[in-house]
Every structure is written in C-alpha cells, then in structure tokens.
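Residue-level structural notes
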Amino acid sequence: MNQLVEKDPEMAIVWFWKAINAGDRVDSALKDMAVVMKQQDRAEEAVEAIKSFRHLCSKQAQVSLDNLLIDLYKKCGRIEEQIELLKQKLRMITLGEAFNGKTTKTARSHGKKFQISIQQETSRILSNLAWAYMQQNNYDAAEIVYRKAQTIEPDANKACNLGLCLIKKGRFDEARAVLEEVLHRTYPSSVDGKIISRAEELLREIELQPAVCPLEVGSSIKEEIMERLDLVMNEWAPFRSKRLPIFEEISP
C-alpha cells in the first residue's frame, strides 16, 4: 500500500475507501486516507471523512484522529473549529483522560517513537491554541495563552511567537526583551539556527516600527481565556487528593 500511495495516491484513496466500507482495519485506513487527502489538497474531504467514519474506529484511535483534524482545520483555514478542538483536548487533560492515568505517553513522529509528558503535551496544545488566535488577529488572547504555555515549558520558538504577538500589539520594548532572551540562548532550543535567525529578523522589524501606544488587553478576553486555562492549571491541585494521582508529580 505504501508503494501505491507513492505511485498513485488517487488510487490509494479508492482502496482506503474500500477498506473502510468493508470494515477492514478501519483505524489505519481512515487515518492513512486522511493523510493522503491532505497531501493531495483535499483537506475538506478528509475532514468530512473523519467526521463521518470515526465512530467505526477504536477508542485508541480517537486521539490520533483529533490530531489529524486539528492539522486539517488549520490547512482549511477553519480556525474556529481548530480552537474548539484544542480546547477540548485541554479539557481531556484536566479530567485525566489524555494519558490514561499515566504521567507520560508514547508518541510517534516521522516513524520514530518517543515519550511525552503531561507538561509537554499541555504546553504544545496551548502553543497551537495561541497560534490559532494569532491567525484570527486576536492578539490579546494569543498573548495570554503563550504566557501560560511558557510557564509550563518555556522554549525559544514560543518566545519568538510571543515576541511577534507583542510587536502586533505595539509593545516593542517588551517584545525586544523577550527576543533578546532567545539570542542570549536562555532556552534549551535556542541553539536552533533557524530560531535565532527568526529572533534577529523580528528585532530588525521592531527597529522599523513607528512609536505607537500599546494596546491594553480587554478584560472580557482575559476572563474568557483564563477561565479555560485555569481548568488546566489550577484544577490539578484539587484532583491530586481525589482520583488523579498522575498529577502528584506536577508542580502547580
């Protein structure tokens, strides 16, 4: 099948459809078909296929399907649906449903397996959520979410995105301070040359900006976003003594 995907992706999609309709390894057939459709610029079709047939897939496959949907929504420009699904994933973490009662889970990327912690997953989801808000030009929400993500697991890439967000809000001094931390290699991933180059580019952009009055974060945005994020962060402590011992090792 891999050879068929490479040589004739359209025919591969036909065979994936046949497998799904026949109930033959539906989990892998649906996921693989959605990936090939995305590569063929048929992301909208892939979204509808997942929504229509995910009920035939196992419980174990649902997380992977959600991750695929997030990527597909992003490609289609369906930002609202992407945001809602990311928020749903955050809710799953607060309820202890994301890691099946464990502190880590096995993930796969480019054919390689690796361990990811609850902190890493939460920070990753928050980072994706913040970027989605950036696509909506909702820089107030994006800043709040990026800052929350950085308190969990700071890294240089998120710092660059936060710097960009602050530039968009006209808060150039704050943006400069954040980006200079990247150049000073404060973060573990700062050694990445691409990230260093991006930080330098953003700093040059600041120098070209006219002086403007910084925008204040609207209180309604603060309340809407922080309420969601508090579910992720602040409810860890109450659950420790109840039914989620997995959070015992996580600092608030």
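Above this text you will find the structure in question.
All chains use their own residue numbering, which begins from 1 and follows the written sequence. Predicted model: local features are reported for residues with pLDDT of at least 70 only, side-chain atom pairs are reported and counted for 80 or more only, and whole-chain, interface and lining totals are derived from all residues. With hydrogens and water excluded, all non-hydrogen atoms of the structure serve as input to the side-chain values.

**Side note on the packing of aromatic side chains**
Basically, it comes down to this: The aromatic pairing rule takes the rings of Phe, Tyr and Trp, using the six-membered ring of Trp, and pairs them if the centres are within 6.5 Å, calling planes under 30 degrees apart stacked, those over 60 edge-to-face and the rest tilted. Helix and strand assignments come from DSSP, with helices taken as H or I runs of at least 4 residues and strands as E runs of at least 2, each series counted from the N terminus. For a ring to carry a charge above it, either NZ of a lysine or CZ of an arginine must fall within 6 Å of the ring centroid while also lying within 35 degrees of the normal to the ring plane.
Overall, the coordinates contain one aromatic pair when judged by the stated rule. Measuring from ring centre to ring centre gives 5.5 Å for tryptophan 17 and phenylalanine 53, while their planes differ by 70 degrees; the resulting arrangement is edge-to-face. Note that tryptophan 17 is positioned in helix H2 (residues 9-22) and phenylalanine 53 in helix H4 (residues 43-53), a separation of 36 residues in sequence. Over the aromatic face of tryptophan 15 sits the side chain of lysine 18, whose NZ or CZ is 4.3 Å from the ring centroid.

**Quick word on the environment of aspartate 173**
Mapped onto the elements of the fold, aspartate 173 is located in helix H10 (residues 172-183). Taking the C-alpha atoms as reference, aspartate 173 lies 8.8 Å from isoleucine 206; in sequence the two are 33 residues apart.

**A short note on unusual backbone geometry**
What counts, and what does not: Note on exposure labels: buried denotes an accessible area under 20% of the residue type's maximum, exposed denotes more than 50%, and partly exposed covers the range between, all computed with a 1.4 Å probe on protein chains only.
Backbone geometry at arginine 25 places phi at a positive 45 degrees, although glycine is not the residue there. Examined against the element boundaries, arginine 25 turns out to sit in the loop between H2 and helix H3 (26-39). A residue is classified by how much of its surface remains accessible, and arginine 25, at 66% relative accessible area, is exposed. Of note, the phi angle at arginine 185 is positive, near 55 degrees, even though the residue is not glycine. Mapped onto the secondary structure, arginine 185 falls in the loop between H10 and helix H11 (193-207).

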